[in-house]
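Report on the structure
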Amino acid sequence: MTPLPSPSREEELNAFLKSVELRAFKRTVYAVRQDDAALDIVQDAMIRLSQSYADRPAGEWPMLFQRILSNATLDWFRRQKVRNALFTSIGDLEAAAGGEDGDFDLLEALDVEDTGNEAAETQVSRRQVLAEIEDEIGKLPARQREAFLLRYWEELDVAETAAAMGCSEGSVKTHCSRAVAALSKALPARGITL
């Protein structure tokens, strides 16, 4: 059994978990498409990090958490398959390729923050566009979506994304490139230009 962290270490771990909670939840919802299941997966990943890696340097937590979250999500899919429930295939990676390294920040391009200077109509319009973008991201094949979210939502570099996904850096670049290509075709079809 892992010893409990000291109070200051525990506070540091709690602050880290709080900082990644919302993004981890949203990323997991994209993968499993069920809010309750996503919440369970994120909580499970947080517990695993706390129990097994709380004594590690705080700088290692982000990568460890991403890897644990990816594994917890895969575990969920395995359990669903065994129970003959809905299983989302992660094997469809034959989308058209575009760009060499996938360095494109779609989420940053339409960041929705209340600046106080925009008219309410503009803010609503931007939120609607972002919702449509999130819908298209949710339609990406699982590995493309995971690579895209880790690179551009979590802002991990290629090596960190590869470590979190358990694949090569080349695979990360391919997944990101295909995701960007798919989004580049789908978004203009919905009237969204970047």
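Counting from 1, residues in each chain are numbered in the order their sequence is written. Totals for whole chains, interfaces and linings use every residue, but because this is a predicted model, local features are given only for residues with pLDDT of at least 70 and side-chain atom pairs only at 80 or more, for both listing and counting. The side-chain numbers reported here are obtained from all heavy atoms of the structure, hydrogens and water having been left aside.

Now for the overall build of the protein chain. Under the scheme used here, helices are H or I runs from DSSP no shorter than 4 residues and strands are E runs no shorter than 2 residues, and both carry numbers assigned from the N terminus. When its secondary structure is counted, the protein chain shows eight helices and zero strands. Evaluated residue by residue, the protein chain yields a buried proportion of 39% over its 194 residues. Only heavy atoms matter for contacts: two residues are in contact if any of them lie within 4.5 Å across the pair. Relative to all contacts within the protein chain whose residues are 6 or more apart in sequence, the contacts with residues 24 or more apart total 67%. For the protein chain, the accessible area works out to roughly 10900 Å², and carbon and sulfur atoms hold 51% of it. The cut-offs for exposure are 20% and 50% of the maximum accessible area for each residue type, with area from a 1.4 Å probe on protein chains only; residues under the lower value are buried, those over the upper are exposed, and the others partly exposed. The method behind every accessible area is Shrake-Rupley, applied with a 1.4 Å probe, and residues are considered shielded solely by the protein chains displayed.

In this scheme Phe, Tyr and Trp rings, the latter by its six-membered ring, pair at centre separations within 6.5 Å, and the angle between planes marks the pair as stacked below 30 degrees, edge-to-face above 60, and tilted otherwise. Inspection of every chain in the model, using the stated rule, returns two aromatic pairs. A centroid spacing of 5.8 Å and a plane angle of 45° characterise the contact between F16 and W61, whose relative ring orientation is tilted. Of this pair, F16 sits in helix α1 (residues 7-32) while W61 sits in helix α3 (residues 61-82); the two residues are 45 residues apart in sequence, bridging distant segments of the chain. Arranged with centres 6.2 Å apart and planes meeting at 85°, the rings of F16 and F65 form a pair that is edge-to-face. Taken together, the residues F16 in helix α1 and F65 in helix α3 connect sequence positions 49 residues apart. Every member of this aromatic cluster is reached through a ring pair, and the members are F16, W61 and F65.

Function cannot be read off these values alone, since they describe shape.
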